[in-house]
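Listed below, chain by chain, are the residues.
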Amino acid sequence: MNGGVVAPPGSGLWRLTDEMNSTEDGLRSVDSEYLRRLHQHDLRDNQCSSMVVKHIKAPVNLVWSLVRRFDQPEKYKPFISRCVVQNNNLEIGSVREVNVKSGLPATTSTERLEKLDDNQRLLSVKIVGGDHRLKNYSSILTVHPETIDGQPGTLVVESFAVDIPEGNTDDETCYFIKALLKCNLKSLADVSERLASQELTP
């Protein structure tokens, strides 16, 4: 079932636009074929996948400057209290150790940078360890310029794939993760829009 997303028969491949028609936020400002190429997850058995989108009233370069900092996710992610990149390296394959704030069913997460593309404004991260139930979790986050109320804005799209934990359904798993991602993206919007307003202040 894959969180309400049906993959092509036999391919195990999930694509963002498979559920675009059911997304209320709308993705009309970005070419759907382009998004399809960016957001692809090779699903294995017992995995689910889904996505969230967020419209931000701030220029795309400002939003991307926050998102691309693999070494500083706490700048906008409210559930992270501390982040340390192993060996202080920031390159593809770099690994970060993240401390999670209390209130969530986890305290640590170990995450690897899979892709960082400044041209496409794409960040891909895979969880490789930690005391949580998100096994084989991978995410792709992209940011795209758009116009909001006549002003420069940004569309953020984040998709993910993850194992369905024993005892949970795909819908339950996707619901939980999407709730976390929505909190992250709301915080990203708040931080970005605050910085944008400061830049406009004389």
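You'll find the structure just up there.
Quantities reported herein were computed from a predicted structural model and do not represent experimental measurements.

Procedures and definitions
- Residues numbered from 1 in each chain as written.
- Predicted model: local features only at pLDDT ≥ 70, side-chain atom pairs only at ≥ 80, totals over all residues.
- Heavy atoms only, no water.
- Helix = DSSP H or I, 4+ residues; strand = E, 2+ residues; numbered from the N terminus.
- Contact = heavy atoms within 4.5 Å.
- Core = buried A, V, L, I, M, F, W, Y, C linked by side-chain atoms within 4.5 Å.
- Buried < 20%, exposed > 50% of the residue type's maximum accessible area, 1.4 Å probe, protein only.
- Phe/Tyr/Trp six-rings, centres within 6.5 Å; stacked < 30°, edge-to-face > 60°.
- Pairing = 2+ DSSP bridges.
- Polar contact = N/O pair within 3.5 Å; in protein donor to acceptor, adjacent residues only side chain to side chain.
- Axes fitted to C-alpha atoms, helices over the stretch in contact; angles between N-to-C directions.

## Side note on the environment of Ala161
With respect to the secondary-structure elements, Ala161 resides in strand 9 (residues 151-163). Along the primary structure Ala161 and Ser139 are separated by 22 residues, whereas in three dimensions their C-alpha atoms are 6.6 Å apart. Those residues in contact with Ala161 that lie beyond four places of it in its chain are His41, Leu43, Cys48, Ser49, Asn136, Tyr137 and Ser138.

## Comments concerning the nonpolar core
Among the nonpolar cores identified, the biggest contains 32 residues, and Val63, Val67, Tyr137, Val143, Val156 and Leu188 are the most heavily contacted of them. For this core, the elements supplying multiple residues, two or more each, are strand 3 (47-56), helix 2 (60-67), strand 7 (122-130), strand 8 (138-148), strand 9 and helix 3 (170-200). With 8 residues, the single largest contributor to this core is helix 3. Residues in contact with Tyr137, not counting those within four places in the same chain, are Val125, Lys126, Ile127, Phe160, Ala161, Val162, Ile177 and Leu181.

## Side note on the packing of aromatic side chains
Per the counting criterion, the structure on display carries 1 aromatic pair. Centroid distance Tyr137 to Phe160: 6.0 Å. Interplanar angle 15 degrees. Geometry classified as stacked. Of this pair, Tyr137 sits in the loop between strand 7 and strand 8 while Phe160 sits in strand 9, and the two are 23 residues apart along the sequence. Tyr137 sits in the buried class, given a relative accessible area of 9%. Under the relative-accessibility criterion, Phe160 is labelled buried at 0%.

## With respect to the pairing of strand 3
By the criterion of burial, strand 3 is predominantly enclosed, with 8 of the 10 residues buried. In the sheet, strand 3 pairs with strand 9 via 10 bridges, with the strands oriented antiparallel. In the strand pairing of strand 9, Ser50 is matched with Phe160.

## Quick look at the side chain of Glu111
Mapped onto the elements of the fold, Glu111 is located in strand 6 (residues 108-117). A polar contact of 2.7 Å, which involves the side chain of Glu111, links it to the side chain of Arg96. Engagement of the side chain of Glu111 in a polar contact is seen with the side chain of Ser109, the distance being 2.9 Å. Filtering out sequence-adjacent residues up to four positions away, Glu111 remains in contact with Phe70, Ser94, Val95, Arg96, Val98, Val125, Lys126, Ile127 and Val128.

## So, the sheet that holds strand 3
The strand order 3-9-8-7-6-5-4 describes an open sheet built from 7 strands, whose pairing is antiparallel. With one partner strand each, in any of the chains shown, strand 3 and strand 4 (80-85) form the two edges of the open sheet. Averaged over all pairs of adjacent strands, the angle between strand axes in this sheet comes to 25 degrees, irrespective of strand direction. Pairing of strand 5 (residues 95-100) with strand 6, which is carried by 5 bridges, proceeds in the antiparallel orientation. Considered in strand 6, the bridge of Arg96 is made with Glu111. Each of strand 3, strand 6, strand 7, strand 8 and strand 9 touches helix 2; the most contacted strand, strand 8, lies at about 160 degrees to it.

So yeah, pure geometry; function would need other evidence.
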